[in-house]
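Residues per chain, in single letters:
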Amino acid sequence: MENMQNKVALVTGAAQGIGYATAQLFAEYGAKVVLADYNEELVNKAAQQLTDKGFEALAIKCDVSKEEEVKAMVEKIVKEFSRLDYAFNNAGIQNILAEAADQTKEDFDRVISVNLKGVWSCMKYELQQMRKQGFGAIVNCSSIGGILGGAMRGTYHAAKHGIIGLTKSAALEYAPMGIRINTICPGMIYTPMAEKMIEGGQKEALEAMLKTVPVKRYGQPEEMANVVVWLCSDSASFVVGHTLVADGGYSIQ
Ligand SMILES: NC(=O)c1ccc[n+]([C@@H]2O[C@H](COP(=O)([O-])OP(=O)(O)OC[C@H]3O[C@@H](n4cnc5c(N)ncnc54)[C@H](O)[C@@H]3O)[C@@H](O)[C@H]2O)c1
């Protein structure tokens, strides 16, 4: 893959898990990285870890569900680096498990505002800068929940399906301007989110699901990072509006 020196990469939800692994890989390819997260303490620590390894990393506290914070985040990046080349809109949360008749409006609003509206507003402000540059690549983080149904997980799946529609539509608008936008759909990846689900009583359900994954294991955050960084690189120059599923074969059965 090409050198990403002098490029600037933003990752949301970068304090841990898939986001952190991706920020680190962008940095290993030479990019300056911006780690954004609503957990200020954790994201500062994450950026410091990368700085300690000799990479250029900036932490920004940003709750992606708040449009004004997203706007301020992109303004800060442009002020600091004068450009934004790559963005991985990764921040996401799980819904409270409940069947459709029992889901609350509060949880619907919470999940949609982070997982769908968050991606929408991140794209909006990232694209305002990329449009000026005539260059950029964005990857939005959906899930196998974006292509499959999931009992008790309707709001999460609705948001993740929505991301694919947002991505394809924006990809059509911006491809002629030299900006590529794609989606990834991770399968079961071992991150703090997975650990939280296990602690929250979903251990048996996850183990049962794992048995049906053809590769018979969890994916690692680094395996998602490889996909995201490749999609942003010039190696993927003809890949536009694509939904890339990286799930160990789970969804092809
Ligand atoms: N782990 C999996 O198995 C899996 C599978 C499919 C899709 N995904 C998706 O991948 C993405 C990352 O998942 P992960 O497993 O690394 O999760 P994680 O919970 O380990 O990390 C998510 C990060 O996002 C941050 N975050 C949450 N809400 C935010 C907000 N409103 N604003 C800014 N930051 C916020 C958290 O603080 C955290 O640092 C999510 O969008 C998730 O839905 C994960």
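Note that the structure is predicted; figures quoted are calculated from it, not measured.

Definitions and cut-offs
- Residues numbered from 1 in each chain as written.
- Predicted model: local features only at pLDDT ≥ 70, side-chain atom pairs only at ≥ 80, totals over all residues.
- Heavy atoms only, no water.
- Axes fitted to C-alpha atoms, helices over the stretch in contact; angles between N-to-C directions.
- Helix = DSSP H or I, 4+ residues; strand = E, 2+ residues; numbered from the N terminus.
- Parallel < 35°, antiparallel > 145°, perpendicular 65-115°, else oblique.
- Contact = heavy atoms within 4.5 Å.
- Nonpolar A, V, L, I, M, F, W, Y, C, P; charged D, E, K, R; others polar.
- Buried < 20%, exposed > 50% of the residue type's maximum accessible area, 1.4 Å probe, protein only.
- Pairing = 2+ DSSP bridges.
- Right-handed = clockwise from strand over helix to strand, strands pointing away.
- Phe/Tyr/Trp six-rings, centres within 6.5 Å; stacked < 30°, edge-to-face > 60°.
- Expected span 1.5 Å × (residues − 1).
- Near = heavy atom within 4 Å.
- Areas by Shrake-Rupley, 256 points an atom, 1.4 Å probe, with all protein chains shown as cover.
- Polar contact = N/O pair within 3.5 Å; in protein donor to acceptor, adjacent residues only side chain to side chain.

**Digging into the packing of helix α4 (residues 105-115) against helix α5 (residues 117-133)**
And then number 1: The N-to-C vectors of α4 and α5 enclose an angle of 25 degrees; their axes lie 3 Å apart at closest approach. As judged from the angle between their axes, α4 and α5 are roughly parallel. Residues Ile 112, Ser 113, Val 114 and Asn 115 of α4 touch α5, and the partners they reach there are Lys 117, Gly 118 and Val 119.
And then number 2: Considered class by class, the residues forming the contact of α4 with α5 number three nonpolar, three polar and one charged.

**A closer look at the pairing of strand β2 (residues 32-37)**
Looking along a regular strand, one sees side chains alternate from face to face of the sheet.
And then number 1: For β2, the tally of buried residues reaches five of six residues, placing the bulk of the element in the interior.
And then number 2: Alignment of strand β1 (residues 8-12) against β2, held across five bridges, turns out to be parallel. Bridged to Val 11 within β2 is Leu 35.
And then number 3: Read from β1 through helix α1 (residues 17-28) to β2, the crossover connection turns out right-handed.
And then number 4: Note: β2 against strand β3 (residues 57-61), five bridges, orientation parallel. Paired with Ala 36 across the bridge in β3 is Ile 60.
And then number 5: You can see the chain leave β2, run along helix α2 (residues 40-52) and come back into β3, and the turn it takes is right-handed.

**Thoughts on the packing of aromatic side chains**
And then number 1: The tally for this structure, following the rule as stated, stands at two aromatic pairs.
And then number 2: Between the aromatic rings of Phe 26 and Tyr 86, the centroid separation amounts to 5.6 Å while the plane-to-plane angle is 10 degrees, which identifies the pairing as stacked. Separated by 60 residues along the polypeptide, Phe 26 in helix α1 and Tyr 86 in strand β4 (residues 86-89) bring together distant segments of the chain. In this structure, Phe 26 and Tyr 86 share a single accessibility class: buried.

**A short note on helix α8 (residues 221-232)**
And then number 1: For α8, spanning twelve residues, the distance from its first C-alpha to its last is 17 Å, which sits close to the expected 16 Å at 1.5 Å a residue.
And then number 2: Looking only at α8, the buried set comprises Pro 221, Met 224, Ala 225, Val 227, Val 228, Val 229, Leu 231 and Cys 232.
And then number 3: The secondary structure elements touched by the buried residues of α8 are α1, β4, β5 (136-141), β6 (179-186) and β7 (243-246).

**Notes on the site of the ligand**
And then number 1: What surrounds the ligand is a group of 27 residues, the closest being Asp 37, Asn 90, Tyr 156, Ile 189 and Thr 191.
And then number 2: If the ligand stood free it would expose 830 Å²; the protein chains cover 93% of that surface.
And then number 3: Contributions of two or more residues to the shell around the ligand are made by α1, α6 (154-174) and α7 (192-211).
And then number 4: Taken together, the residues of the shell around the ligand sort by class into 15 nonpolar, nine polar and three charged.

**Details of the sheet that holds β3**
And then number 1: Taken in spatial order, the seven strands line up as β3-β2-β1-β4-β5-β6-β7 in an open sheet, and their pairing is parallel. Unpaired on one side and paired on the other, β3 and β7 mark the two borders of the sheet. Neighbouring strand axes in the sheet, compared pairwise and without regard to direction, differ in orientation by 20 degrees on average.
And then number 2: Across four bridges, β6 lies against β7 in parallel orientation. Counted as the bridge partner of Thr 183 is Thr 243 from β7.

**What about the side chain of Asp 85?**
And then number 1: Here Asp 85 lies in the loop between α3 (67-81) and β4.
And then number 2: For Asp 85, the side chain forms a polar contact with the side chain of Arg 83, separated by 2.5 Å.
And then number 3: Each residue touching Asp 85, except ones within four places of it in the same chain, is listed here: Asn 6, Lys 7, Val 8, Met 130, Gln 133, Phe 135, Gly 136 and Ala 137.

**A word on the pairing of β6**
And then number 1: With eight of its eight residues buried, β6 lies for the most part within the structure.
And then number 2: Two elements, β5 and β6, share six bridges in a ladder whose sense is parallel. Following the sheet pairing, Ala 137 is matched in β6 by Arg 180.
And then number 3: Traced from β5 through α6 to β6, the parallel crossover comes out right-handed.

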